[in-house]
Structures are given as structure tokens and as C-alpha cells.
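Given next are the chains, with one letter for each unit.
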Amino acid sequence: MRLPIFAFLLFLAPAVLADGLPELGEAAQVDLPPQVEKRIGESAMQEIRRDPSYLEDAEVSGYLNRLGRRLTAKIEEGQQDFEFFVLKDSTLNAFAMPGGYIGVHTGLIMAAQSESELASVLGHEISHVTQHHLARMVSKQSQAQLASLLAMAVAILAARNNPDVAMGAAVAGPAAAMQQQLNYSRDFEREADRFGLQLLEKAGFDIRGMASFFERLQKFGRLYENNAPGYLRTHPLTTERIADMENRIQQRPYRQVADSLDFHLVRAKLNSQEGSPQDAVVVFETQVRERKALSLQAARYGLARAYIRAKNLDGADAQLTELRRQKVASPMIEILAAELRSRRGDPGGAAKILRAAMPRYPQERSISYALAEALLDDRRPDEALKLTSDDLQTYLADSKMYELQARAYAMLGKQLLQHRSLAESYRLQGQLPAAVEQLQLAQKAPDGDFYDRSQVDARLREMRALLAEEMKRKKP
Ligand SMILES: [Zn+2]
């Protein structure tokens, strides 16, 4: 549970500011340029992406980003990019980092009882970003101090995965002390609630979701007693805040909003990965038998996934057949069907299902990834190469697709191109030293024509320049 500490370090209100919080409501005096905010967020993300709790699941993160975009599309001024990501952590937490990076714990997604509830947390976090709460807290600080704060935050994150207890203890002390100061001020919380509620309403969600979810979080807090869930510690939740929300909500007309199927499928997928495979099977078998679930179709989907974990492929197939019979349509169902084929040793069959699904869900990244993987498993590198290369024409910044392309080149025995693709994949993850290393390997590769070689040389020069610039910035 150190990651939220790390994230909120970036929001640390320095002691010098404690007595002079910025005025709210006025045009924020932002001394921190947006590029700097973005850079801070990016370097934090580089660490987070390497953390074992970072969830690399294109279905879950794809869904969360779609949900987030429904809200950010309603931001009126100052359009900015947002990236929503998921951490595998059962505690109820979500946090925003400078530059528009918003993290959500799996525990929070599973605790949400409606899509509007989940959206309300995203809306609140988005508002911390759009209102530049970080920048307004550090506006009187020099960037150098900010850099040392960031360095410390990264050290704490590193300690999280370091079995060396002494080092962990060394940073845990100050970290714990800082946690006390990390909470946003009540004024910032109220502002994030107010703007979040507006986004929620404009995007067509049920605004009562906000009050109901926060009330539930508060109840959780009482259960945990002193060990309140992270969200409450970092976003102090008061009865006053909830009352304020309820006041605003009561003035609005009642609106019934249906949840998307994907909301329920994503929750079921995450739930099916909890505990032992047998535990997961029991949870979903009970839901299906007693018809006690927010979505019975999602319960069947969760049961199929739990059966796959328990290696009961026939059981999973039976659930899939029932979902097909009920004409349940979602890219997640197609991926489930393809996964079942692969598990039965039929990657060709999996590729066929995914190929057929592509025109129906052309924007769905998870389908493209799964198809490329199925083609590689089926040892059809030429087709995998065509798919990944075509895809990268549209999605220029997709590190995962570059990695799949590298695997296709590797299977075709094209070493120079394999390393070149891997270099692009690392670059897009912000790992410049690894990118440079791959380009050096590409230079040494025995294959490749004159054109490819000179391209690698040019790219290596560019990356080295970028790396040098980055090193210069990191120096105090
Ligand atoms: Zn907050």
C-alpha cells in the first residue's frame, strides 16, 4: 500500500504553504507550466509501469479509458490528454497524478455497485487534475525542490519491491510522517466534488452515484477503524462533504441510467482472478445458481473465467454457449471464446474468432493484441507482421503493438528489425536506456540492408540526444 503514498507525495503541501492556501474559485495562478506537470507525471508513470501491481490487461484498461473519456470529453476549456490505469490492489483507492495520469485500484472497481459510482470517482480525480491542485500547492516552490520530492517518491516506490528491510524501514519512517500531510485540503476536496459532479451530469451519469458511493466508502472506513482505506486517507471524507453533495443532488431531476454490459464484465473478470481458482468458482457458481448478481450474464462470464483458472474447460465452454445463445455481444465475449480455443491447443481457431470480431469492434485494442498473439502462437509470423505493421500506421504510439511486431520479426529471423521494433516499444514506455541498447544490438545484427542500417544509425543518434537531455534534467 505504498504506491498511493508515492503518488500523493507529488501533492505534498509544503509546510510553508500550510498557512496560506491559495484562494479557490479564482483563476488559478499556475507557476508550474503544463509541460513540467506532464513530465513529472510521465516519469512517475515509468516507475509505475514497472511495478508488479500495474495491471496489463487491455480489456480492463480499455474499458476504464473509455469510461474516463466520456467524462473528459465534457471538459470545456484546456483540453488535455488523460491516461487511466489500473493497479492490482484490493484496497479501495484511486489517485491522480500531474499531467493527467489517473490510477484506480481493482478493489475500488469491484466495490462500485453501478457504473455511475465508478464514474463519480473518476470525475473527482479528473477534477483534481483540471483544477491544477498540484500546481496550486507547489506554485511557491522551486522546481528543484519538486525534483527532489519526486526523487524521494521514486525511492519509496523502489523500496516497495525491495526485500531489504532496512531500506524499507528507512523510507517508511519519513513516508509515514508525510502521509499525514498528504491529504488534499478540504477546500480542494470540495472543489473536486463540485467539478466532478458537473462532469458526471454533463456526461449523462446518475449523479446520485457520487453520494451513494462516498457514503459506502465512509462505512467501509468505519469498519477499518484506524486503518481506513487509502481513498479516505488521501481524500478526507467528511459528513459535511457528503451532505454538501446530497444538497446539490437533490436540486436535480431524477435520472435512471443503465450500466453498460462492459462495466459488469470487467468487474466479473477482476473478481474471477481473486483468491484461489476454487474460491472463484464457488463465488460465481453461487451467483448463477441463486441468480444473485447485478448482472446474471456477467456472472456467467465470471464463472467461465473462474472455470478456465480451475482448468475446467468444458465448464467454461458450457457458460460461453449459454452466453452465445442469449446473444450477449461484447468484445470481451469474443476474447473469452478465443482464449478457450487457445487453451485447447487451437490457436488457429482462436485467430479465426478474433479475425471475425475485428470488423465489429474496429477500435478495440484488446482484439488486435489477442489476434496478433494467436497468429504468433499459430506460427504465422507473416500474417502477424502484416497485422501489427498495418495497426501501427494508425496507432503510432502503441508500445505493446511494437513488442508484438518484434516477436513477428524474431520468428521470421529478422534480427535488425526485431531490435528496432523493441527499441520503439521501450521508447514509448519512456525507457530510453533500454531503447538505446536495442538500437546498438540492431547495429550489430548480421542482417538488414543499407537502408535499414542507416535508419537505425539515425534513430540511435536521436535517442542518444533524448537520453542526454533527460540525464541533464534529472541532475539537481
Ligand atoms: Zn480528492
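Fair warning: this is a prediction, and the values are worked out from it, not measured in the lab. (Residues numbered from 1 in each chain as written. Predicted model: local features only at pLDDT ≥ 70, side-chain atom pairs only at ≥ 80, totals over all residues. Heavy atoms only, no water.)

Trainee: What is the right way to read the overall build of the protein chain from this model?
Mentor: For the protein chain, the count of helices and strands is 24 helices and three strands. Looking at the 476 residues of the protein chain, the share that counts as buried comes to 51%. For the protein chain, long-range pairs separated by at least 24 residues make up 69% of all intrachain contacts whose partners lie at least 6 apart in sequence. Accessible area of the protein chain: about 22200 Å², with a carbon and sulfur share of 51%. (Helix = DSSP H or I, 4+ residues; strand = E, 2+ residues; numbered from the N terminus. Buried < 20%, exposed > 50% of the residue type's maximum accessible area, 1.4 Å probe, protein only. Contact = heavy atoms within 4.5 Å. Areas by Shrake-Rupley, 256 points an atom, 1.4 Å probe, with all protein chains shown as cover.)

Trainee: Is there a simple way to explain the packing of aromatic side chains in this structure?
Mentor: The description of an aromatic ring pair uses the distance of the two centres, along with the angle that the planes make with each other. Overall, the coordinates contain three aromatic pairs when judged by the stated rule. Ring plane angle 20 degrees and centroid distance 6.1 Å describe the contact between Phe 82 and Phe 84, whose orientation is recorded as stacked. By relative accessible area, which is 16% here, Phe 82 ends up buried. Given the relative accessible area of 2%, Phe 84 is considered buried. Relative to Phe 95, the ring of Phe 85 lies with its centre 6.0 Å away and its plane at 75 degrees, an arrangement referred to as edge-to-face. Note that Phe 85 is positioned in strand β1 (residues 83-87) and Phe 95 in strand β2 (residues 94-97), a separation of 10 residues in sequence. Since its relative accessible area comes to 0%, Phe 95 is described here as buried. Taken together through their ring pairs, the aromatic side chains of Tyr 54, Phe 85 and Phe 95 make up a single cluster. Over the ring of Tyr 395 we find Arg 365, and its NZ or CZ is 3.5 Å from the ring centre. The aromatic ring of Tyr 369 is capped on one face by Lys 400, whose charged end is 5.8 Å from the ring centroid. (Phe/Tyr/Trp six-rings, centres within 6.5 Å; stacked < 30°, edge-to-face > 60°. Lys NZ or Arg CZ within 6 Å of the ring centre and 35° of its normal.)

Trainee: What is the right way to look at helix α12 (residues 239-250) in this model?
Mentor: One full turn of an α-helix is made of 3.6 residues, so residues set three or four places apart face in the same direction. Taking 1.5 Å as the rise per residue, α12 with 12 residues should run 16 Å; its terminal C-alpha atoms sit 16 Å apart, in good agreement. Taken as a whole, α12 has its buried residues at Arg 241, Ile 242, Met 245 and Ile 249. Looking down the long axis of α12, one finds its buried residues gathered within 95 degrees of arc, a one-sided arrangement. Projecting away from the buried face of α12 at angles above 90 degrees are the exposed residues Thr 239 and Gln 250. (Expected span 1.5 Å × (residues − 1). Arc of directions from axis to C-beta.)

Trainee: Sorry, what's going on with empty space enclosed by the protein here?
Mentor: The probe, sized like a water molecule, is rolled over the atoms to show the empty space still left. Under the definition given, this model contains two cavities of 30 Å³ or more. By volume, the second largest cavity is sized at about 30 Å³. In terms of lining, the second largest cavity is formed by Glu 59, Tyr 63, Arg 66, Asp 262, Pro 331, Met 332, Glu 364 and Ser 366. Looking at the lining of the second largest cavity, the elements with two or more residues in it are α3 (58-72) and α17 (331-343). For the lining of the second largest cavity, the element with the most residues is α3, which contributes three residues. (1 Å grid on protein atoms, 1.4 Å probe; cavity = no way out; pocket = protein on both sides within 12 Å on 5 of 7 lines; lining within 4 Å. Points joined across faces, edges and corners; volume = space filled by probe spheres on them.)

Trainee: In this structure, what is going on with the environment of Val 282? I would like to understand it.
Mentor: Along the chain, Val 282 turns up in helix α14 (residues 277-290). In this structure the C-alpha to C-alpha distance between Val 282 and Ala 306, which are 24 residues apart in sequence, comes to 8.8 Å.

Trainee: It is not clear to me how the confidence of the model for the protein chain should be interpreted in this structure. Could you clarify?
Mentor: If pLDDT is low for a region, its predicted coordinates should not be looked at in detail. For the protein chain, per-residue confidence averages 82 on the pLDDT scale, and 78% of positions sit at 70 or higher. Confidence over residues 1-29 falls short of pLDDT 50; this stretch has 81 contacts with residues more than four positions distant or in other chains. Segment residues 223-229: pLDDT under 50, and six contacts once partners within four positions in sequence are set aside and those in other chains are kept. (pLDDT = per-residue confidence, 0-100.)

Trainee: So what exactly am I meant to see when it comes to the pairing of β2 here?
Mentor: Along any regular strand the residues' side chains alternate between the sheet's two faces. Burial of β2 is two-sided: the residues Ala 94 and Ala 96 facing one way and the residues Phe 95 and Met 97 facing the other way are all buried. Across four bridges, the pairing between β2 and strand β3 (residues 101-105) is antiparallel. Bridge assignment links Ala 94 to a residue of β3, and that residue is Val 104. Between β2 and the antiparallel strand that follows it, β3, lie three residues; Gly 99 among them carries a positive phi value of about 90 degrees. (Pairing = 2+ DSSP bridges.)

Trainee: Before we go on, may I ask you to explain the pattern of salt bridges in this structure?
Mentor: Side chains that differ in sign of charge can pair as their charged atoms come close. Across all of its chains, the model carries 26 salt bridges by this definition. Between Arg 66 and Asp 262 there is a salt bridge, and its shortest N-O distance comes to 3.1 Å. One end of the pair, Arg 66, is in helix α3; the other, Asp 262, is in helix α13 (residues 261-272), and 196 residues separate them in sequence. A salt bridge links Arg 459 to Glu 462, with the nearest nitrogen and oxygen atoms 2.4 Å apart. Highlighted residues: Arg 459 and Glu 462, both in helix α24 (residues 450-474), separated by three residues, approximately one helical turn. Looking at Arg 459, the relative accessible area reads 22%, which means it is partly exposed. Through salt bridges with shared partners, a single ionic network connects Arg 355, Asp 378, Arg 380 and Glu 383. (Salt bridge = Lys/Arg side-chain N within 4 Å of Asp/Glu carboxyl O.)

Trainee: Teacher, can you tell me more about the nonpolar core here?
Mentor: Inside soluble globular proteins, nonpolar side chains tend to come together where they are buried. Ranked by size, the top nonpolar core spans 67 residues in total, and within it Leu 71 and Leu 118 carry the most contacts. When residues of this core are assigned to their parent elements, the largest contribution, eight residues, is made by helix α15 (residues 296-309). With residues up to four places along the chain from it excluded, the contact list for Leu 118 reads Tyr 63, Leu 64, Leu 67, Leu 108, Ile 109, Ala 112 and Phe 263. (Core = buried A, V, L, I, M, F, W, Y, C linked by side-chain atoms within 4.5 Å.)

Trainee: Please explain the side chain of Arg 365 as it appears in this structure.
Mentor: By the element assignment, Arg 365 lies in helix α19 (residues 365-377). Owing to a relative accessible area of 16%, Arg 365 belongs among the buried residues under this scheme. A polar atom in the side chain of Arg 365 sits 2.7 Å from the side chain of Asp 391. With residues near it in sequence (within four places) discarded, Arg 365 still touches Asp 391, Tyr 395, Asp 398 and Met 401. (Polar contact = N/O pair within 3.5 Å; in protein donor to acceptor, adjacent residues only side chain to side chain.)

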